[in-house]
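Descriptive structure summary
The lines below spell out each chain.
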Amino acid sequence: MKPINIALDGPAAAGKSTIAKLVAAKLSMVYVDTGAMYRAITYKYLQLNKTENFSELVESTELSLTYDEEKGQRVILDNQDVTDYLRENDVTNHVSYVSSKESVRSFAVEKQQELAQQKGIVMDGRDIGTVVLPDADLKIYMIASVEERALRRQKDNELRDIQSTVEQLKKEIAERDHYDMNREISPLKKADDAITIDTTGMSIEEVTDKILTLVEDI
Ligand code: C5P
């Protein structure tokens, strides 16, 4: 197979990272979780007592991704592995705000484009097919009902020992989608040439197989 890049976008908790990881493993490609980059910048924003100086924040930031055989993608922020903090509620509740800032986006997008230069990448996020990799070989827009997304996220949170209720998650997911879809810079939207997959009621295997079939057709 010739080296390709796959862009996987969609709203919060639609199953993008689970599927992207599996597709990448099956095709011996590298999975890049761009949400984790925005979460790391948000982690720093919170550490800096919610600074409003986003340009200074990113200028003083060293951010890189490394890969661990067992644990997968790790996020290194200013020489510290912060991966385990990135799903905390405080980060989740501020990430849409922080990622709407122009300096934050240009900082993250530049890194993402660098990572994808050599191809062989499955990248998930909100603006991968529209802005980061407009020439991706395959673009998927993955959606699912808010109810199903909240239930999936609740299961995830239980595994990670994060406290939440399905009702609260539904509200947070809907709010985050609204913010991500209505921001001025690079809002979440389907690229014209993306293929929509509604994963409501589909199993992880079904979605993975569907994408693998689409890859075969490239
Ligand atoms: O994918 P995840 O839920 O971890 O993303 C967290 C947040 O980061 C999103 O709600 C969105 O605000 C932001 N994000 C973004 N662009 C991306 C990936 C994530 O704005 N490519």
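Anything mentioned here points back to the structure above.
Attention here is on the structure that accompanies the text. (Residues numbered from 1 in each chain as written. Predicted model: local features only at pLDDT ≥ 70, side-chain atom pairs only at ≥ 80, totals over all residues. Heavy atoms only, no water.)

Another point: helix α4 (residues 89–98). Those residues of α4 not exposed but buried are V91, T92, H94, V95, S96 and V98. Each element contacted by the buried residues of α4 is listed here: α2 (34–47), α3 (54–59), α5 (102–116) and α8 (166–182). (Buried < 20%, exposed > 50% of the residue type's maximum accessible area, 1.4 Å probe, protein only. Helix = DSSP H or I, 4+ residues; strand = E, 2+ residues; numbered from the N terminus. Contact = heavy atoms within 4.5 Å.)

The 5 strands lie next to each other as β2-β6-β1-β7-β8, forming an open sheet whose pairing is parallel. Two strands in the sheet have a free side with no partner beyond their single neighbour: β2 (30–33) and β8 (195–198). Taken over all neighbouring pairs, the strand axes of this sheet differ in orientation by 20° on average, direction set aside. As judged from the 4 bridges shared by strand β1 (residues 5–9) and strand β7 (residues 138–143), these two strands associate in the parallel manner. Its bridge partner being in β7, D9 is matched across the sheet by Y141. On the sheet, α2 packs against β2 and β6 (121–125) and is oriented at approximately 40° with respect to β2. Against the sheet, α5 contacts β1, β2 and β6, and its axis sits at roughly 160° relative to β6. (Pairing = 2+ DSSP bridges. Axes fitted to C-alpha atoms, helices over the stretch in contact; angles between N-to-C directions.)

For the rest of this paragraph, the subject is the sheet that holds strand β4 (residues 72–77). Taken in spatial order, the 3 strands line up as β3-β4-β5 in an open sheet, and their pairing is antiparallel. Each edge of the open sheet is held by one strand with a lone partner, namely β3 (63–68) and β5 (80–81). Strand direction decides the pairing type here: β3 and β4, joined by 6 bridges, are antiparallel. Note on β4: the bridge partner recorded for D68 is G72.

Such coordinate-based values are descriptive only and should not be taken to indicate function.
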